Amino acid sequence: MAGLSFKNIYKTYEGGFTAVKDLNLEIADKEFVVLVGPSGCGKSTTLRMVAGLEEITSGELYIGDTVVNEVAPKDRDIAMVFQNYALYPHMTVFDNMAFGLKLRKVPKDEIKAKVMEAAQILGIEHLLERKPKALSGGQRQRVALGRAIVRDPKVFLLDEPLSNLDAKLRVQMRAEIGKLHRKLETTFIYVTHDQTEAMTMGSRIVVMKDGVMQQAASPMEIYNEPANMFVAGFIGSPQMNFIYVTLVKEADGVYLVNDNFKVKLPDGKANRPELAEYIGKEVVMGIRPENIFDDEAHIAAAPDCKLSALVTHTEMMGAETYLYLAVGEKNIIAKVNPRTTAKLDETIDIVFDNNKIHIFDKETEVTILN
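Fair warning: this is a prediction, and the values are worked out from it, not measured in the lab. (Residues numbered from 1 in each chain as written. Predicted model: local features only at pLDDT ≥ 70, side-chain atom pairs only at ≥ 80, totals over all residues. Heavy atoms only, no water.)

Draft legend 1. Layout of the overall build of the protein. Across its full length, the protein carries 10 helices and 21 strands. Within the protein, the proportion of its 370 residues that are buried is 50%. Across the protein, the fraction of contacts at a sequence separation of at least 24, relative to all contacts at a separation of at least 6, is 66%. In the structure as shown, the protein presents an accessible area of about 17,700 Å², 49% of it carried by carbon and sulfur atoms. (Helix = DSSP H or I, 4+ residues; strand = E, 2+ residues; numbered from the N terminus. Buried < 20%, exposed > 50% of the residue type's maximum accessible area, 1.4 Å probe, protein only. Contact = heavy atoms within 4.5 Å. Areas by Shrake-Rupley, 256 points an atom, 1.4 Å probe, with all protein chains shown as cover.)

Right under this line is the structure:
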């Protein structure tokens, strides 16, 4: 088993495009790390550098204690599961799973034992004689995972493995892969653009943008303490609302003020030293949709966080309702109780949970306060 260490890793292509910039990251042995970000952020390139499918332009990549920059892919003791499964259509499931072992001249008895064990773990023993075209998407995914498992690698690399599955099967396979990680006790690096997958699967999330790592932390730390506006907006659904406000200090505390509202910061946040230099300046306030309320109890309990909003659209989601609101010229979303009485084109009172307000620097977009 092995951890990984990325030290000042760069990947630059011919023509000068840099896909990964100065990546420094430690992944512990047996950890499940998810690389997440929009298309083109460098996450798949990073995975391919680990696999040896892309050359590293500069920096050092360690698997365990070994620098692997010049080590051939077949000698890195890793297994990769691709987005399109990459199964051989003319081979049976058994032969697809056994193929890598046959190339390595593993004895036949050992191959059979390993394939049967992996098939049992994944519940595909009854599919071993079928060919890929006779399998569903979920079954093909399991075969691709099985082919990786039989190799007993130090590191599993998974590149958007669920993106071709329907929504229900994706949920099921997320749980299966989580169970698989716990059972195999191997290092997993998983790439996705889906923040729900990232939040539910990883013990740690690495958020990337434009080839640069923005933050690496546990799912709840990423959610509650984002490092900047990009991370705050990327993780969470619907995404965080961002509103320009000015920090104003008055005799009884610090307020977030714009043309349409005046919301008081709780004393615990208002007295934080990092806020002092921003008094009198414009900043960006962030508030998640689930921290906005329209019910009487919340409104009565927080009169200094109340504002008016026009309901421009509603979406009933079953367990909650999304209210699309206009606060002056600014559109925001609130995720409220499904028993809400708010109606379309009606002006309603709402309150922000001021303990959950985030404040960002307007120029750098770096977090000032979580």
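Draft legend 2. Focus on the pairing of strand β4 (residues 58-63). In terms of strand pairing, strand β1 (residues 4-12) meets β4 through 5 bridges, oriented antiparallel. Considered in β4, the bridge of Tyr 10 is made with Ser 58. Judged from the 2 bridges that link them, β4 and strand β5 (residues 66-67) form a sheet pairing that is antiparallel. Residue Tyr 62 lies in a different strand from β5, and its bridge partner there is Val 67. Between the end of β4 and the start of β5, which pair antiparallel, lie 2 residues, with Gly 64 showing a positive phi angle near 65°. (Pairing = 2+ DSSP bridges.)

Draft legend 3. Region of interest: the sheet that holds strand β21 (residues 367-369). Taken in spatial order, the 6 strands make up an open sheet running β13-β12-β11-β14-β20-β21, and their pairing is antiparallel. With partners counted over all chains shown, the strands left at the sheet margins are β13 (262-264) and β21, one partner each. In this sheet, adjacent strand axes meet at a mean angle of 40° when their direction is disregarded. Here strand β12 (residues 253-257) pairs with β13 via 3 bridges, running antiparallel. Considered in β13, the bridge of Val 257 is made with Lys 262. (Axes fitted to C-alpha atoms, helices over the stretch in contact; angles between N-to-C directions.)

Draft legend 4. Representation of helix α4 (residues 137-149) in the model. In a regular helix each residue adds 1.5 Å, so 13 residues correspond to 18 Å; α4 covers 18 Å between its end C-alpha atoms and thus fits that length. For α4, a buried count of 10 out of 13 residues is recorded, marking the element as mostly surrounded by other parts of the structure. Within α4, burial applies to Gly 138, Gln 141, Arg 142, Val 143, Ala 144, Leu 145, Gly 146, Arg 147, Ala 148 and Ile 149. Buried residues belonging to α4 abut β6 (78-81), α2 (93-103), α3 (108-122), β7 (155-159) and α5 (167-184). (Expected span 1.5 Å × (residues − 1).)

Draft legend 5. Representation of the sheet that holds strand β10 (residues 212-217) within the structure. With mixed pairing, the 6 strands of this open sheet are ordered in space as β6-β7-β8-β3-β9-β10. Here the strands that pair on one side only, and so sit at the sheet edges, are β6 and β10. For this sheet, the mean inter-axis angle between neighbouring strands, taken without regard to orientation, is 15°. Contacts from helix α1 (residues 43-51) reach β3 (32-36), β6, β7, β8 (187-192) and β9 (204-209) within the one sheet, and its direction differs from that of β7 by about 145°. α5 contacts β3, β7 and β8 of the sheet and is inclined by roughly 160° relative to β8.

Draft legend 6. Expanded view of the packing of α2 against α4. At their nearest, the axes of α2 and α4 sit 7 Å apart, and the two run at 30° to each other. The pairing of α2 with α4 is recorded here as roughly parallel in orientation. The handedness of the crossing between α2 and α4 is right-handed. Only Val 143, Gly 146 and Arg 147 of α4 make contact with α2, whose side of the interface consists of Val 93, Asn 96 and Met 97. Residue classes in the contact of α2 with α4 are distributed as 3 nonpolar, 2 polar and 1 charged. (Parallel < 35°, antiparallel > 145°, perpendicular 65-115°, else oblique. Left-handed = near helix turned anticlockwise from the far one by under 90°. Nonpolar A, V, L, I, M, F, W, Y, C, P; charged D, E, K, R; others polar.)

Draft legend 7. Structural detail: the pattern of salt bridges. The tally for this structure, following the rule as stated, stands at 11 salt bridges. Between Glu 54 and Lys 11 there is a salt bridge, with its nearest N and O atoms 3.7 Å apart. Here the residue Glu 54 occupies a position in the loop between α1 and β4, and Lys 11 occupies one in strand β1, the gap between them amounting to 43 residues. Here the salt bridges do not stand alone but share partners, grouping Lys 11, Arg 48 and Glu 54 into one network. (Salt bridge = Lys/Arg side-chain N within 4 Å of Asp/Glu carboxyl O.)

Draft legend 8. Representation of the layout of surface pockets in the model. Of the voids in this model, the largest pocket is the one considered here, and its volume is about 560 Å³. Forming the walls of the largest pocket are 18 residues, and the residues nearest its centre are Ile 78, Met 80, Phe 82, Arg 147 and Arg 151. For the lining of the largest pocket, the elements supplying multiple residues, two or more each, are β6, α2 and α4. Looking at which element gives the most residues to the lining of the largest pocket, the answer is α2, with 4 residues. In terms of residue class, the lining of the largest pocket is made up of 12 nonpolar, 2 polar and 4 charged. (1 Å grid on protein atoms, 1.4 Å probe; cavity = no way out; pocket = protein on both sides within 12 Å on 5 of 7 lines; lining within 4 Å. Points joined across faces, edges and corners; volume = space filled by probe spheres on them.)

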